[in-house]
Amino acid sequence: MSQLNTHIQVGRVGQLKEVGANLVVTVCSNNPYKNGNGEWIDNPEWIEHTIFARQDSRIKWAREKLESGDLVQVTSRPKQTEWKAANGERRFGYTFAVEDIQHLADKPAKRAEAPAAKSQGKKSR
């Protein structure tokens, strides 16, 4: 039987940052919950997804198409990493290696600007 460990996140892009030849896309999803008083509490979760250099066409696409606030769906594979901290302790974390990333919607402000830009284009013709 084949084994599979895949992570899917739908959320808003926080930032794109270059790390060597790789591109890290930070994505935030809100996982709200009700507290003891029945009030909804926001619980944002930020995950850094890495597009590795070997995926140069995907890096190019992300640089050209994505910006902070855009809604995306990212499919990645979590890989546990280990390192030694400055104090000599072993530390563990995860790297989320991107397998697929899809642009679902522009950030809200961009969507609000788009209809005005389109209507101006029609008026000038």
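Below you will find a few notes about this structure. Quick caveat, the model's predicted, so the values are computed rather than measured. (Residues numbered from 1 in each chain as written. Predicted model: local features only at pLDDT ≥ 70, side-chain atom pairs only at ≥ 80, totals over all residues. Heavy atoms only, no water.)

Another aspect to go through is the layout of surface pockets. Estimates place the volume of the largest pocket at around 190 Å³. Together, Lys17, Val19, Asn22, Val24, Ile47, Glu48, Thr50, Phe52, Tyr94, Thr95 and Phe96 line the largest pocket. Looking at the lining of the largest pocket, the elements that each hand over two or more residues are strand 1 (7–19), strand 2 (22–30), strand 5 (44–51) and strand 7 (90–105). Looking at the lining of the largest pocket residue by residue, the class counts come to six nonpolar, three polar and two charged. (1 Å grid on protein atoms, 1.4 Å probe; cavity = no way out; pocket = protein on both sides within 12 Å on 5 of 7 lines; lining within 4 Å. Points joined across faces, edges and corners; volume = space filled by probe spheres on them. Helix = DSSP H or I, 4+ residues; strand = E, 2+ residues; numbered from the N terminus. Nonpolar A, V, L, I, M, F, W, Y, C, P; charged D, E, K, R; others polar.)

Right, let's get into the pairing of strand 6 (residues 71–84). Pairing analysis gives six bridges linking strand 1 to strand 6, with the strands arranged antiparallel. Pairing of glutamine 9 across the sheet is with valine 74, part of strand 6. Two strands pair when backbone bridges link them, and strand 6 and strand 7 are joined in this way by 14 bridges, in the antiparallel orientation. Its bridge partner lying in strand 7, glutamine 73 is registered against glutamine 102. Two successive antiparallel strands, strand 6 and strand 7, enclose a turn made up of five residues, where glycine 88 displays a positive phi of approximately 90°. (Pairing = 2+ DSSP bridges.)

On to the sheet that holds strand 2, then. In space, the five strands of this closed barrel follow the order 1-2-5-7-6, with mixed pairing throughout. Along the sheet, successive strands turn relative to each other by an average axial angle of 45°, direction set aside. Across seven bridges, strand 1 lies against strand 2 in antiparallel orientation. What sits directly across from arginine 12, in strand 2, is cysteine 28. Packing of helix 1 (residues 56–65) onto the sheet brings it into contact with strand 1, strand 2, strand 5 and strand 7, and relative to strand 7 it is tilted by some 65°. (Axes fitted to C-alpha atoms, helices over the stretch in contact; angles between N-to-C directions. Contact = heavy atoms within 4.5 Å.)

With that settled, the discussion passes to the side chain of threonine 75. By the element assignment, threonine 75 lies in strand 6. Once you skip the residues sitting within four places of it in the chain, threonine 75 turns out to touch Thr6, His7, Ile8, Ala97, Val98, Glu99 and Asp100.

Moving on: the nonpolar core. Val13, Leu23, Val25, Val27, Ile51, Ile59, Ala62, Leu66, Val72, Val74, Val98 and Ile101 form the largest nonpolar core, which has twelve residues in total. Taken together, the elements giving at least two residues each to this core come down to strand 2, helix 1, strand 6 and strand 7. Ranked by the residues each element gives to this core, the list is headed by strand 2, at three residues. With sequence-adjacent residues up to four places away left out, leucine 23 is seen in contact with Leu16, Lys17, Glu18, His49, Thr50, Ile51, Ile59, Ala62 and Arg63. (Core = buried A, V, L, I, M, F, W, Y, C linked by side-chain atoms within 4.5 Å. Buried < 20%, exposed > 50% of the residue type's maximum accessible area, 1.4 Å probe, protein only.)

Keep in mind these numbers describe shape, not what the thing actually does.
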